[in-house]
Every structure is written in C-alpha cells, then in structure tokens.
Amino acid sequence: MSAAARESLPASFSDIDRSSEELKGHVIEYLSGTASNPEIRRMRATAFQLFAATEGERLLDAGCGLGEVARHLGSVVGPRGSVVALDHSADVISAAHARHDGGPVTYVVGDVTALDFPDDHFDGVRSERVLQHLADPAAAIAELVRVTRPGGRVCVIDTDWPSLTHDGFAHLDDPSVRSSSLLGSTAGRIARSLMVKAGLRGVTASPVTVCFTSPSDAATVLPFFDPQQAKAVDFIPDPLLKSFFDSVDRAAERGDFLVAFTMWVSLGRKGEEGG
Ligand SMILES: C[S@@+](CC[C@H](N)C(=O)[O-])C[C@H]1O[C@@H](n2cnc3c(N)ncnc32)[C@H](O)[C@@H]1O
C-alpha cells in the first residue's frame, strides 16, 4: 500500500488520531458537511423513527463522529435521560465536545469492539457508518448487544458501497476505481445478518437510497467530488483525476449529474431473557 493510500480519508477513519494534521482537518470538515446534507438528514429521519427514543432513556451512539446525532437524542431523552457519545478518536471527541449544547450528553473515547460499559447498561444503542471501517464488524455487534438491556434495541446504519451508481460523467466504473477498498464494503447489507446471528429479535432492515444531483452536494458525502479533497481521499487514481473532473464539470453544466447509493438502517431487540 502506498503512503498516499495509507493517508487516504476513508482509510483514516479506522485510526484518525494517527493521521496527519492536514488529514484530520479534512475528516472534521467532512463529518461536519455530511451532517448537514439533506439526503443524510432524510436517512437519519428514517433511523430516528425506527429507533424511537423516548424521554428518560439511557442511550449510546458508538462511533459518534462530531456528535450531532447524540445531541439530537439528548434533546429527546431530556434531563432525566442520558446519551453517551463514544468515538475511537480523541481528536474527533474533542471536536464533538467543542460543539456541546448543554444537553445530557457525555463524550468519551472508546472502541466499539471493546466497550467499557457493564452488561445490560443501555435502553438503546446505535452505530452509524462505523462497521465499514472495522476489521471485525461482528465483534462490534456483539459488544453493542452485550451493553443493551433485555428488551432494549440496537440500531446499525451503514452503506452498501457496491450499490453506488451514477450517470452523466466518466470513470466511476473503471476497474481501478471499483477495486478500491472503499467500494468493496457491503457493511450496510450484511448488518442485518450479523445482528440476527448475534441473537437479536425481529431484526428489520430498511434501505434508504440517497441521491445527489450536483457535484457540490455529492461532495459533502462523497469527498472525491471535491477537487480540494480528491487527492487526500485517494479514490480516483491520479492519471484519471483530470479527465474525471472534466467530465463531472460538463455534467454539472448540462445539469445531468447524478450519483446515488443505498444505506441500510437495521434495527433489532435484545430478547427479554437477554438473548
Ligand atoms: C464515517 S465516520 C461516521 C461518524 C458518525 N457516526 C456519522 O455518521 O456522522 C466513522 C467514525 O467511526 C469512528 N470509529 C472508527 N473505528 C471505531 C471504533 N473501533 N470504535 C469507535 N469508533 C470508531 C471514527 O473515529 C469516525 O468518527
């Protein structure tokens, strides 16, 4: 693997703290832009509805990023409830804490595959766009189930990257792009089966296809559409970059740019007897 690939933005999500300061800056900027994207908000609205948080609950968002979701959940559970916003990266947790709004949210550094909470601790746990960055996603699901109380719910949201489809511009189907590790991740589609195998009951899987019709809109979620970030993302190989952006610009001018992919919201309950 080249030094550039090791420093790529998607790869850095497994270990942000060891990335260069420049790349950390890209990560924070990326997470902030993603949270405000209307398509991501639409997907999250589906997830909030299924998760159905209520006043007074004790919740966990594992791999919380900048903590927008944890703060939203904090506003739902209110002062009698609590939300833990947990992330592997101390730098991300520090940026999340800086955005604290005074709600019942605590920010902690931790690993979703080895959670430092007792069994049966939370009424509900969630994890969004984290599985795809883990070497052992089943270990994360096992931990999320362990810390959930009997009858509580586990919600996992992730992307099915092979579903990425596009129109109006070139190169997303080139073998050198399709073979990137990012586009190989099926985390979204396999989450349900991992949750069933972990013993959760009544596991539902709800697909939400997100669609972007301008490069600037797409870039807040797919940073390789941002000419400033494309090199850091290291997703479109260098020799194709100019031709890729030329074709993207032409699609934007014509108004026929389109890119879409499917995210899955999977939700299950821990059995009352704990299984
Ligand atoms: C793509 S971001 C998603 C952040 C947030 N859930 C969102 O949807 O905006 C992936 C996050 O997972 C975190 N992460 C990666 N590995 C982790 C682990 N083993 N335990 C906890 N968090 C992890 C990263 O630090 C990063 O903040």
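Residues numbered from 1 in each chain as written. Predicted model: local features only at pLDDT ≥ 70, side-chain atom pairs only at ≥ 80, totals over all residues. Heavy atoms only, no water.

A. Region of the structure containing the overall build of the chain. Counting its regular elements, the chain contains 13 helices and 7 strands. For 275 residues, the compact-globule formula gives about 19 Å, and the C-alpha radius of gyration of the chain, at 19 Å, lands near that figure. Here the C-alpha coordinates of the chain stretch approximately 55 × 35 × 35 Å along the principal axes. Each of the 275 residues in the chain was classed as buried or not, and the buried ones make up 52%. Taking as baseline every contact in the chain between residues at least 6 positions apart, the subset at least 24 positions apart corresponds to 74%. (Helix = DSSP H or I, 4+ residues; strand = E, 2+ residues; numbered from the N terminus. Rg over C-alpha atoms; globule rule 2.2 N^0.38 Å. Buried < 20%, exposed > 50% of the residue type's maximum accessible area, 1.4 Å probe, protein only. Contact = heavy atoms within 4.5 Å.)

B. Broad picture of the UniProt feature "domain: Methyltransferase type" (unreviewed entry) in the chain. With numbering aligned to this structure, UniProt lists the feature "domain: Methyltransferase type" (unreviewed entry) at residues 60-155. The distance from the first to the last C-alpha atom of residues 60-155 is 10 Å, and the span holds 30% helix and 30% strand. (UniProt positions renumbered as here; feature names shortened; annotations may be inferred.)

C. Structural detail: the pairing of strand β4 (residues 122-128). With 7 of 7 residues buried, β4 is to be regarded as a mostly interior element. In terms of strand pairing, strand β1 (residues 58-62) meets β4 through 3 bridges, oriented parallel. Pairing of Leu60 across the sheet is with Val125, part of β4. (Pairing = 2+ DSSP bridges.)

D. Main features of unusual backbone geometry. The phi torsion at Ala52 lies on the positive side, around 50°, for a residue other than glycine. One non-glycine residue, Arg129, lies in the positive phi region at around 55°. Note that Arg129 resides in the loop between β4 and α7 (137-146). The class of Arg129 is buried, set by a relative accessible area of 16%.

E. The site of the ligand, seen in detail. Near the ligand, the surroundings consist of 18 residues, among which Gly63, Asp87, Asp111, Val112 and Glu128 are the closest. The contact in question runs from a nitrogen atom of the ligand to an N or O atom on the backbone of His88, over 3.2 Å. Backbone polar atom of Glu128 to a nitrogen atom of the ligand: 2.8 Å apart, as the coordinates give it. Summarising the interface, the protein chains cover 97% of the accessible area of the ligand, which totals 590 Å² for the free molecule. (Near = heavy atom within 4 Å. Polar contact = N/O pair within 3.5 Å; in protein donor to acceptor, adjacent residues only side chain to side chain. Areas by Shrake-Rupley, 256 points an atom, 1.4 Å probe, with all protein chains shown as cover.)

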